[in-house]
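Structural characterization, general
Here's the letter readout for the chains.
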Amino acid sequence: MPRFRIYIFFSIIVALGIAGVFLVAQGNYPIALVGSDFISARRFAEEYAAASRYYENFLKTYGDALNDAPQLTELELQLAVINGLVEKSLISRGARLETGEDFNYLVSNKL
């Protein structure tokens, strides 16, 4: 049995390495920590893509009327998205503290 222990240990390390690479490739790694909640890179990328699409369509629709207004840069849009995600996380956490265990039940009944 002691002879196989090193092979088992090595196999576990390899499996953990493969799982880590898979998680990082999928974007499931944290980019921000809000309280005890993580904001993942995948969630940020999805929210940023939606905000970017919305802003592009907004400029196409109302761009002529906004000649004098300064346009958002990519960094400003990213900051707005991360601020929104942090706010959502804080509001959700506060709501969970207020309602306790009934949070998911209350939300599902309101929708």
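Here, the structure is the one placed above.
Here's what I pulled together on the structure shown here. (Residues numbered from 1 in each chain as written. Predicted model: local features only at pLDDT ≥ 70, side-chain atom pairs only at ≥ 80, totals over all residues. Heavy atoms only, no water.)

**Observations concerning the overall build of the protein chain**
The number of helices and strands found in the protein chain is four helices and two strands. In the protein chain, the order of α-helices and β-strands from amino to carboxyl end is α-β-β-α-α-α. Against the 2.2 N^0.38 benchmark of 13 Å for 111 residues, the protein chain shows a C-alpha radius of gyration of 22 Å, more extended than a compact globule. Once the C-alpha set of the protein chain is aligned to its principal axes, its extents read approximately 75 × 35 × 25 Å. Looking at the protein chain as a whole, 14% of its 111 residues qualify as buried. Considering only residue pairs separated by 6 or more positions, the protein chain has 49% of its internal contacts joining residues 24 or more positions apart. Taken as a whole, the protein chain presents about 9,200 Å² of accessible surface, with 62% of it coming from carbon and sulfur. (Helix = DSSP H or I, 4+ residues; strand = E, 2+ residues; numbered from the N terminus. Rg over C-alpha atoms; globule rule 2.2 N^0.38 Å. Buried < 20%, exposed > 50% of the residue type's maximum accessible area, 1.4 Å probe, protein only. Contact = heavy atoms within 4.5 Å. Areas by Shrake-Rupley, 256 points an atom, 1.4 Å probe, with all protein chains shown as cover.)

**Comments concerning the packing of aromatic side chains**
All told, the structure shown has two aromatic pairs when counted by the stated rule. Where Phe44 meets Tyr48, the ring centres are 6.2 Å apart and the plane angle is 15 degrees; that geometry is what we call stacked. Within this pair, Phe44 and its partner Tyr48 are both found in helix α2 (residues 41-62), separated by four residues, close to a single helical turn. For the residue pair Phe44 and Tyr48, the accessibility class agrees, reading buried in each case. (Phe/Tyr/Trp six-rings, centres within 6.5 Å; stacked < 30°, edge-to-face > 60°.)

**Observations regarding the packing of helix α3 (residues 74-99) against helix α4 (residues 103-110)**
Two numbers describe how α3 lies on α4: the axes approach to 9 Å, and their chain directions differ by 110 degrees. Considered as vectors, α3 and α4 are oriented roughly perpendicular to each other. Residues Ser92, Ala95, Arg96 and Thr99 of α3 form the contact with α4, whose participating residues are Phe103, Asn104 and Leu106. Here the contact of α3 with α4 is built from residues that sort into three nonpolar, three polar and one charged. (Axes fitted to C-alpha atoms, helices over the stretch in contact; angles between N-to-C directions. Parallel < 35°, antiparallel > 145°, perpendicular 65-115°, else oblique. Nonpolar A, V, L, I, M, F, W, Y, C, P; charged D, E, K, R; others polar.)

**Section: the pairing of strand β1 (residues 30-34)**
In this structure, β1 lies alongside strand β2 (residues 37-40), joined through four bridges in antiparallel fashion. The residue bridging Val34 from the neighbouring strand is Asp37, located in β2. Counting the residues in the hairpin turn of β1 and β2 gives two residues, including Gly35, whose phi is positive at 65 degrees. (Pairing = 2+ DSSP bridges.)

**Some thoughts on the side chain of Ser89**
Mapped onto the fold, Ser89 is located in helix α3. When neighbours within four sequence positions are excluded, Ser89 is seen to be in contact with Val34 and Asp37.

**Re a nonpolar patch on the surface**
Residues Phe4, Ile6, Tyr7, Ile8, Ile12 and Leu16 make up a contiguous nonpolar surface patch of about 660 Å² in total accessible area. Its place among the elements puts Ile12 in helix α1 (residues 2-25). Classification of Ile12 by relative accessible area gives partly exposed; the value is 47%. (Patch = residues over 30% accessible without salt bridge, like charges linked within 9 Å, V, L, I, M, F, W, Y side chains within 5 Å. Salt bridge = Lys/Arg side-chain N within 4 Å of Asp/Glu carboxyl O.)

**Concerning the environment of Arg42**
Mapped onto the elements, Arg42 comes out in helix α2. C-alpha of Arg42 to C-alpha of Ala25: the two residues are 17 residues apart in sequence and 9.7 Å apart in space. In contact with Arg42, other than residues within four places in its own chain, are Gln26, Gly27 and Asn28.

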